[in-house]
Amino acid sequence: KVPKVLHKVCGTPMAEHVINCAREISDTEPVVVIGHGAEQVRKEITGVKFVMQEKQLGTGHAVMQAEKYIIDGDILILYGDTPLLRPETLMEMHGMHRTEGCSATILTSEVDDPTGYGRIVRTGEKLVEAIVEDKDADSRTKLIKEINSGIYFFDGKELREALRHLKNDNTQGEYYLTDVIGIMREKGLKIGAYKINNAEDIMGVNNRYQLSVTNRIMQSRITKKLMLGGVTIIDPDSTYIEASVTVEKDVTIYPGCILEGDTVIHEDSVIGPYTRVKDGKIGRGVKIQNSVVLESSIGEGTSVGPFAYIRPGNKIGKNARI
């Protein structure tokens, strides 16, 4: 019932992860092309321009709908189901796009099993001859393990021009964005490829198993960042912390904890074991064990639990005991 891009990864809709990634590298307001479940997406995602794709006629057709926003500068095309993409990856990719003077740059990676993906056929270390779809690849091309992520930087002027020549004379009757690369190559324009070592950055999500894998990877990134920032997490594998949670240094988190929403935990607090905090404001030096805290604030030095249930809207003072 939920549109794919609204399924959550560590508490945040997939599409929002991608939009936040774009915002990290550009001050330009993102443009989001919507179709299936459009009204639900409009309600969940804010601070963007929306463009409606009435009929889903392919990736190229989706970009066509946003043509009025395609300026002469650099245009970044992203997908709403790749929540693991990182801003630093896009920054490095854009650096290559500019340095090499490319009209288009493709984000690529090597995978052990490239079946189903478009293959990158190169003319040199950084330049691309073509993207060959799996169904069109000959036996030699199918041996190529470098794949197209579908994420691109384009020169806006050249992209607009290429979109006008895009055709849908294929079995699906769709307009493919990959065909834009072929159109640009025929003009003799320079096409680059920025290959990343870790394919997890471009991992797409198409089912709930892949969603669980993505959640696990994102969770690992979140806990690693917190631990490197001075937080003690006794067992990261049994701890769930959403991307929106703030945890200060010298906090200790025991196994079985769930930290959600706009939770903030201040220094020297001890959380857990087996404690859930959602939208909680936890003061310095607080101890909470085997308890649930919902939409409440707990003052400095207070001890909660075991087995307490703090209902939404409570405000507990300093040095108290629950």
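Refer to the structure printed above.
Basis of the calculations
- Residues numbered from 1 in each chain as written.
- Predicted model: local features only at pLDDT ≥ 70, side-chain atom pairs only at ≥ 80, totals over all residues.
- Heavy atoms only, no water.
- Helix = DSSP H or I, 4+ residues; strand = E, 2+ residues; numbered from the N terminus.
- Buried < 20%, exposed > 50% of the residue type's maximum accessible area, 1.4 Å probe, protein only.
- Contact = heavy atoms within 4.5 Å.
- Areas by Shrake-Rupley, 256 points an atom, 1.4 Å probe, with all protein chains shown as cover.
- Lys, Arg positive; Asp, Glu negative; His and termini not counted.
- Charge placed at Lys NZ, Arg CZ, Asp CG, Glu CD.
- Pairing = 2+ DSSP bridges.
- Salt bridge = Lys/Arg side-chain N within 4 Å of Asp/Glu carboxyl O.

Student: Could you clarify how one ought to interpret the overall build of the protein chain in this entry?
Tutor: Within the protein chain, the secondary structure is distributed over 7 helices and 25 strands. Its C-alpha atoms put the protein chain at 75 × 40 × 35 Å along the principal axes. Evaluated residue by residue, the protein chain yields a buried proportion of 45% over its 322 residues. Put simply, 44% of the contacts in the protein chain that link residues at least 6 apart link residues at least 24 apart. Roughly 16,800 Å² of accessible area belongs to the protein chain as shown, and the carbon and sulfur atoms make up 47% of that amount. Counting 41 positive and 45 negative side-chain charges, the protein chain places the averaged centre of each group 4 Å from the other.

Student: Can you help me understand helix H6 (residues 178-186) in this one?
Tutor: Structural remark: α-helix, 3.6 residues per turn; residues separated by three or four positions point the same way. Restricting attention to buried positions, one finds in H6 the residues Thr178, Val180, Ile181, Ile183 and Met184. In this structure, the buried residues of H6 make contact with strand E6 (104-110), strand E8 (128-132), strand E9 (146-155), helix H5 (156-164) and strand E10 (191-196).

Student: Help me understand the pairing of E9, please; the structure alone is not making it clear to me.
Tutor: Within a regular beta strand, the side chains point alternately toward one face of the sheet and then the other, so they alternate between its two faces. Counting buried positions along E9 yields 9 of 10 residues, so the element is predominantly enclosed. The sheet contact formed by strand E5 (residues 74-77) and E9 spans 4 bridges and is antiparallel. Residue pairing for E9: Leu76 is matched across the bridge by Phe153.

Student: I keep staring at the side chain of Asn215 and nothing clicks. Help me out?
Tutor: Secondary-structure assignment places Asn215 in helix H7 (residues 208-228). Those residues in contact with Asn215, other than ones at most four positions away along the chain, are Lys8, Val9 and Cys10.

Student: It is not clear to me how the pattern of salt bridges should be interpreted in this structure. Could you clarify?
Tutor: Taken as a whole and assessed by the stated rule, the structure comprises 19 salt bridges. Across the pair Lys49 and Glu29 runs a salt bridge whose closest N-O atoms are separated by 3.0 Å. With a gap of 20 residues between them, Lys49 in strand E4 (residues 49-52) and Glu29 in the loop between helix H1 (14-25) and strand E3 (31-34) connect regions that are remote in the sequence. You can call Lys49 partly exposed: its relative accessible area is 29%. With relative accessibility at 34%, the residue Glu29 sits in the partly exposed group. The salt bridge partner of Glu158 is Lys187, with a shortest N-O separation of 2.9 Å. With Glu158 in helix H5 and Lys187 in the loop between H6 and E10, this residue pair connects regions lying 29 residues apart in the sequence.

Student: What exactly am I supposed to notice about the sheet that holds strand E11 (residues 232-233) here?
Tutor: Strand pairing in a sheet relies on backbone hydrogen bonds, with the paired strands running either antiparallel or parallel. Reading across the sheet, the 5 strands line up as E11-E14-E17-E20-E23 and stay open at both edges, with parallel pairing between neighbours. With one partner strand each, in any of the chains shown, E11 and strand E23 (303-304) form the two edges of the open sheet.

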